[in-house]
Amino acid sequence: MESKKYKGKSTEAIHAGETFSTGVQDQQSGKTGIPLLPPIFQNSTFRFETATECASAFIDEESGYVYTRWGNPTQKVLEGKLAVLEAGEAALATASGMGAISTALLTALADGGHVVAMETLYSATYNLLNEEFPRMGIETTFVDATDPNKVESAIRPDTKVIYLESPTNPLLKLVDLAACAEIAKAHNITSIIDNTFATPCSQQPIVLGIDVVLHSMTKYLSGNGAVIAGAIVGEKEFIVAAQKGALRNFGAVISPFNAWLTLLGIPTLPLRFGQHCENAACIAAFLEAHPAVAWVRYPGLPSHPQYELAKRQMNGFGGMITMELKGGRAAGEKLVNQLQICALAVSLGDVRTLVCHPASTTHSHIPMEVRQQTGITDGLVRFSIGLEDTEDIIADLEQALGTLSF
Ligand code: LCS
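This write-up is about the structure you can find in this document.

The rules behind each value
- Residues numbered from 1 in each chain as written.
- Predicted model: local features only at pLDDT ≥ 70, side-chain atom pairs only at ≥ 80, totals over all residues.
- Heavy atoms only, no water.
- Helix = DSSP H or I, 4+ residues; strand = E, 2+ residues; numbered from the N terminus.
- Rg over C-alpha atoms; globule rule 2.2 N^0.38 Å.
- Buried < 20%, exposed > 50% of the residue type's maximum accessible area, 1.4 Å probe, protein only.
- Contact = heavy atoms within 4.5 Å.
- Areas by Shrake-Rupley, 256 points an atom, 1.4 Å probe, with all protein chains shown as cover.
- Lys, Arg positive; Asp, Glu negative; His and termini not counted.
- Charge placed at Lys NZ, Arg CZ, Asp CG, Glu CD.
- Pairing = 2+ DSSP bridges.
- Axes fitted to C-alpha atoms, helices over the stretch in contact; angles between N-to-C directions.
- Salt bridge = Lys/Arg side-chain N within 4 Å of Asp/Glu carboxyl O.
- Expected span 1.5 Å × (residues − 1).
- Phe/Tyr/Trp six-rings, centres within 6.5 Å; stacked < 30°, edge-to-face > 60°.

1. Considering the overall build of the chain
Stage number 1. If you tally the helices and strands in the chain, you get 15 helices and 14 strands.
Stage number 2. By the compact-globule yardstick of 22 Å for 406 residues, the chain fits well, its C-alpha radius of gyration being 22 Å.
Stage number 3. Projecting the C-alpha coordinates of the chain onto the three principal axes gives extents of approximately 75 × 55 × 35 Å.
Stage number 4. Residues counted as buried form 54% of the 406 residues belonging to the chain.
Stage number 5. A separation of at least 24 residues holds for 72% of the contacts in the chain among residues at least 6 apart in sequence.
Stage number 6. Of the roughly 17400 Å² that the chain leaves accessible, carbon and sulfur atoms contribute 53%.
Stage number 7. Seen as two clouds, the 29 positive and the 42 negative side-chain charges of the chain have centres 2 Å apart.

Put into structure tokens, the structure is as follows:
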């Protein structure tokens, strides 16, 4: 890992991993230059001067780039930055958040085995563990990981992975990361967490003892709503195994253009995240006081059941808010139809405020009994609070909530 050079997250987000300071030379004109912004290498393959050079790149991959599915300088800059931001030894950028999740799990489960996972997860992750992996003989036990004892009790002799999200999508439940990391270490199991909602600005799970951190960089890290991208951060040995194995062979490789667009987003992450947190705290307090709202979940509200853990574990409570309307599904549908500034859209972490109805969209593939058991009710509405002025977001919410009867 690049040694810890900077005191603050913003300097890190701007400067870490940017390795093109030696510059480039145009062989035609002989001119040299040092690009301030990391350049984009939008090429699929690399040419060699001699057969010997080409052959040696196959023997020793560190000696040169060969083919973009194996690695590309634009990807490498991004990966260097990600490793520093998450305090990991190394990182891998992937084609999507799901690309990161599947690549990391396929690496940790290369010899098969059993997974203990949080019961409420992003729906595609749940589907991967519940539908795809069983076909390969990999079973998962889903537990309420807000209680670390339940995680430990579900461990079997063949358990290879503890898989977590914190805060979870969409219920914003928290997991005590240090406690779960300790359990994983005691049983020699790989602990993996999807840190998409918190971002490295709020929590660095590796510092708390977690082995592998995943991101959907589609969200806060890129922040621009322009890319689908993912990341894996962990020990070098794990990252190299993932890169040479599941990533290369299953092929969830990030394109240089998406890596570059993500590189454009990351420098403003700390600034954006701070404002997302500030705006969300203000909107959460507004919603909690509104008579049409049954309850609000936001880790920064004292009413959150794990508020004490949130204060201890998170440095900023994020931009996601979940609430239940008194009028149930009909009220939820009416609300999203009435909103004008808040866009009805899946995804999150965008500069724009997004609103969605998990039961009919992101979590619709999860069986109804599982949704009800785990609290994803029909009246649940999820907000990804953006960076608009809070007066405008509140005015939009006020007019839309005002149309509801309760
Ligand atoms: N992890 C979390 C926590 C997510 O919320 C998502 C996507 C993913 C992983 C997958 O990332 P992707 O492959 O899309 O980059 N979450 C979405 C959501 O809540 N609405 O639409 C997508």
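Alright, that's what it looks like, and here's the rest.
2. Topic: the sheet that holds strand E10 (residues 293-297)
Stage number 1. The strand order E10-E11-E14-E13-E12 describes an open sheet built from five strands, whose pairing is mixed. The open sheet has two free edges, formed respectively by E10 and strand E12 (343-344), since each of these has just one partner strand.
Stage number 2. Strand direction decides the pairing type here: E12 and strand E13 (residues 354-356), joined by two bridges, are parallel. Each bridged residue has a counterpart across the sheet, and for alanine 343 the counterpart in E13 is leucine 354.
Stage number 3. Together, strand E11 (320-325), E12, E13 and strand E14 (380-384) form the strand contacts of helix H13 (residues 328-338), whose direction differs from that of E11 by roughly 130°.

3. As for the pattern of salt bridges
Stage number 1. One pass over the structure, following the stated rule, counts 15 salt bridges.
Stage number 2. Between lysine 81 and glutamate 18 there is a salt bridge, with its nearest N and O atoms 3.0 Å apart. Here lysine 81 is found in helix H3 (residues 73-85), whereas its partner glutamate 18 is found in the loop between helix H1 (9-15) and strand E1 (24-25), with 63 residues between them in sequence.
Stage number 3. Judged by relative accessible area, glutamate 18 falls into the partly exposed class, the value being 28%.

4. Structural notes on helix H4 (residues 97-108)
In an α-helix, one turn spans 3.6 residues; hence positions three or four apart end up facing the same way.
Stage number 1. In this model H4 runs 17 Å from its N-terminal to its C-terminal C-alpha over twelve residues, within 8% of the 16 Å that 1.5 Å per residue would give.
Stage number 2. Within H4 the residues assigned to the buried category are Gly97, Gly99, Ala100, Ile101, Ser102, Thr103, Ala104, Leu105, Leu106, Thr107 and Ala108.

5. Section: the packing of aromatic side chains
Aromatic rings considered in pairs are described by the distance between their centres and by the relative angle of their planes.
Stage number 1. A complete count under the given rule lists five aromatic pairs for this structure.
Stage number 2. Ring centres of tyrosine 126 and phenylalanine 142 lie 4.8 Å apart, and the angle between their planes is 40°; on these two criteria the pair is classed as tilted. Of this pair, tyrosine 126 sits in helix H5 (residues 123-132) while phenylalanine 142 sits in strand E5 (residues 139-143), and the two are 16 residues apart along the sequence.
Stage number 3. Judged by relative accessible area, tyrosine 126 falls into the buried class, the value being 8%.
Stage number 4. Residues tyrosine 220 and phenylalanine 273 carry aromatic rings whose centres are separated by 5.8 Å and whose planes lie at 85° to one another, so their mutual orientation is edge-to-face. Residue tyrosine 220 is located in the loop between strand E8 (212-216) and strand E9 (230-234), and its partner phenylalanine 273 is located in helix H11 (residues 269-288); the two are separated by 53 residues in the primary sequence.
Stage number 5. According to the relative accessible area criterion, tyrosine 220 is buried, its value standing at 0%.

6. Considerations on the pairing of strand E3 (residues 90-94)
Stage number 1. E3 sits mainly inside the fold: five of its five residues count as buried.
Stage number 2. Burial along E3 is two-sided: Ala90, Leu92 and Thr94 and Ala91 and Ala93, pointing in opposite directions, are all buried.
Stage number 3. As paired strands, E3 and E9 are joined by five bridges and run antiparallel to one another. Counted as the bridge partner of leucine 92 is isoleucine 232 from E9.

7. A closer look at the pairing of E11
Stage number 1. In terms of burial, E11 is largely enclosed, as six of its six residues are buried.
Stage number 2. A two-sided burial pattern is seen for E11, the buried positions comprising Met320, Thr322 and Glu324 on one face and Ile321, Met323 and Leu325 on the other.

8. A look at the sheet that holds strand E4 (residues 114-118)
Stage number 1. Strand order in the open sheet formed by seven strands is E3-E9-E8-E7-E6-E4-E5, and the pairing between neighbours is mixed. Looking at which strands have only one partner, the edges of the open sheet turn out to be E3 and E5. When strand polarity is set aside, the average angle formed by the axes of neighbouring strands in this sheet is 20°.
Stage number 2. Lying over the sheet, H3 contacts E3 and E9, oriented at roughly 125° with respect to E3.
Stage number 3. Where H5 meets the sheet, it contacts E4, E5 and strand E6 (159-165), and its direction lies at approximately 130° from that of E5.

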